[in-house]
Amino acid sequence: PAPRASKSRLEEAPSSPTRIAIVVPYVGESLPRWFPVFAASCRKSSGLVDWLIVHAGTREVSGWWLPPNVKFINLGIARLAKLHARLFSHPNERRQGEPLLRDLLQRRPYSLVEFKPAIGHIFQDLLTNYSHWGFGDLDMLMGDLEAWTEPEELTKFDVVT
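Definitions and cut-offs
Residues numbered from 1 in each chain as written. Predicted model: local features only at pLDDT ≥ 70, side-chain atom pairs only at ≥ 80, totals over all residues. Heavy atoms only, no water. Helix = DSSP H or I, 4+ residues; strand = E, 2+ residues; numbered from the N terminus. Buried < 20%, exposed > 50% of the residue type's maximum accessible area, 1.4 Å probe, protein only. Contact = heavy atoms within 4.5 Å. Core = buried A, V, L, I, M, F, W, Y, C linked by side-chain atoms within 4.5 Å. Lys, Arg positive; Asp, Glu negative; His and termini not counted. Salt bridge = Lys/Arg side-chain N within 4 Å of Asp/Glu carboxyl O. Arc of directions from axis to C-beta. Axes fitted to C-alpha atoms, helices over the stretch in contact; angles between N-to-C directions. Parallel < 35°, antiparallel > 145°, perpendicular 65-115°, else oblique. Left-handed = near helix turned anticlockwise from the far one by under 90°. Nonpolar A, V, L, I, M, F, W, Y, C, P; charged D, E, K, R; others polar.

Student: Please set out the overall build of the chain residue by residue, giving values where relevant.
Tutor: If you tally the helices and strands in the chain, you get 5 helices and 4 strands. Mapped in sequence order, the helices and strands of the chain form the string β-α-β-β-α-α-α-β-α. Every one of the 161 residues in the chain was classed for burial, and the buried ones make up 40%. Contacts spanning at least 24 positions in sequence make up 72% of the contacts within the chain whose residues lie at least 6 apart.

Student: Can you lay out the nonpolar core for me, pointing to particular residues and giving the numbers?
Tutor: By size, the foremost hydrophobic cluster in this structure holds 23 residues, and its most contacted members are Val23, Leu52, Val54, Leu80 and Phe123. Those elements that place two or more of their residues in this core are strand E1 (20–26), strand E2 (49–55), helix H2 (76–84), helix H3 (91–107) and helix H4 (119–122). Take this core: its biggest share by element is 4 residues, from H2. Not counting residues up to four positions away in its chain, the partners in contact with Val54 are Val23, Val24, Pro25, Tyr26, Ile73, Leu75, Leu80, Phe123 and Leu126. The next biggest cluster of nonpolar side chains, apart from the first, holds 19 residues, and it includes Cys42, Leu48, Leu66 and Val70.

Student: Summarise the side chain of Lys71; cite the residues concerned and give the values.
Tutor: Within the element layout of this structure, Lys71 appears in strand E3 (residues 70–74). Buried and unpaired, Lys71 has Asp50 as its nearest opposite-charge partner, separated by 4.6 Å.

Student: Lay out H2 with the relevant residues and their values.
Tutor: The complete set of buried residues in H2 reads Ile77, Leu80, Ala81, Leu83 and His84. The buried residues of H2 occupy one face: seen down the axis, they fall within an arc of 160°. Those residues of H2 hidden inside the fold are in contact with E2, H3 and H4.

Student: How would you sum up the packing of H2 against H3? Please name residues and give values.
Tutor: Axis separation between H2 and H3 bottoms out at 8 Å; the angle between their running directions is 120°. When the axis of H2 is compared with that of H3, the two are oblique. Like other packed secondary-structure pairs, H2 and H3 cross with a definite hand, here right-handed. Residues Ile77, Ala78, Leu80, Ala81, Lys82 and His84 of H2 touch H3, and the partners they reach there are Glu98, Leu101, Arg102, Leu105 and Gln106. Of the residues belonging to the contact of H2 with H3, the class tally is 6 nonpolar, 2 polar and 3 charged.

Student: Go over helix H1 (residues 35–43) with me, naming the residues and quoting the values.
Tutor: Listing the buried residues of H1 in full gives Phe35, Phe38, Ala39, Ser41 and Cys42. Summarising the axial view, the buried residues of H1 lie within an arc of 160°, below the 170-degree limit, and thus occupy one face. Lining the buried residues of H1 we find E2 and E3.

Student: Describe the environment of Gly136, with residues and values.
Tutor: Structurally, Gly136 can be placed in the loop between strand E4 (132–135) and helix H5 (151–156). Residue class for Gly136 comes out buried when judged on its relative accessible area of 2%. Placed 23 residues apart in sequence, Gly136 and Val113 show a C-alpha to C-alpha distance of 9.6 Å. In contact with Gly136, other than residues within four places in its own chain, are Ile22, Val23, Val24 and Lys116.

Student: Explain the pattern of salt bridges to me, and be specific about the residues and the numbers.
Tutor: A complete count under the given rule lists 5 salt bridges for this structure. For the salt bridge of Asp125 with Arg86, the shortest nitrogen-to-oxygen distance reads 2.7 Å. Of the two residues, Asp125 is situated in the loop between H4 and E4 and Arg86 in the loop between H2 and H3; the sequence distance between them amounts to 39 residues. For Asp125, a relative accessible area of 41% translates into the label partly exposed. Residue Asp137 is joined to Lys116 by a salt bridge in which the shortest nitrogen-to-oxygen separation is 2.6 Å. Of the two residues, Asp137 sits in the loop between E4 and H5 while Lys116 sits in the loop between H3 and H4, which places them 21 residues apart along the sequence.

This is the structure:
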């Protein structure tokens, strides 16, 4: 038999009726040295939450210690800029904005924090298999979010804070 095509990272996302994606945009050559601590804290919520580390060519890490709910999605800087250009309503603005956004993300990666309220719109294609989404940073310890989230909250409400 012919070998099966491997699934993309997006197809691997669970389709549970209540699953949360926390999007963590990141631009940099390598992950911060505390990343293993961040990843360990994400493991505690593996039954409910996936962390999508959306990046532009960052050296990804792997190993037995990396929980399966921490997923790396390498979009590259050009695609990352194009997705952020979705915020412009007119196609001409999008075309003109892409190179500016690419330059901004390369020169000042921290500027990504300014786009957090729009993450659901920018990365909508990554979020189709999730009932809820949020955003985070690599300098946050997450803990057991399942202990703080009631299943009925996710079925009754669109927004949970």
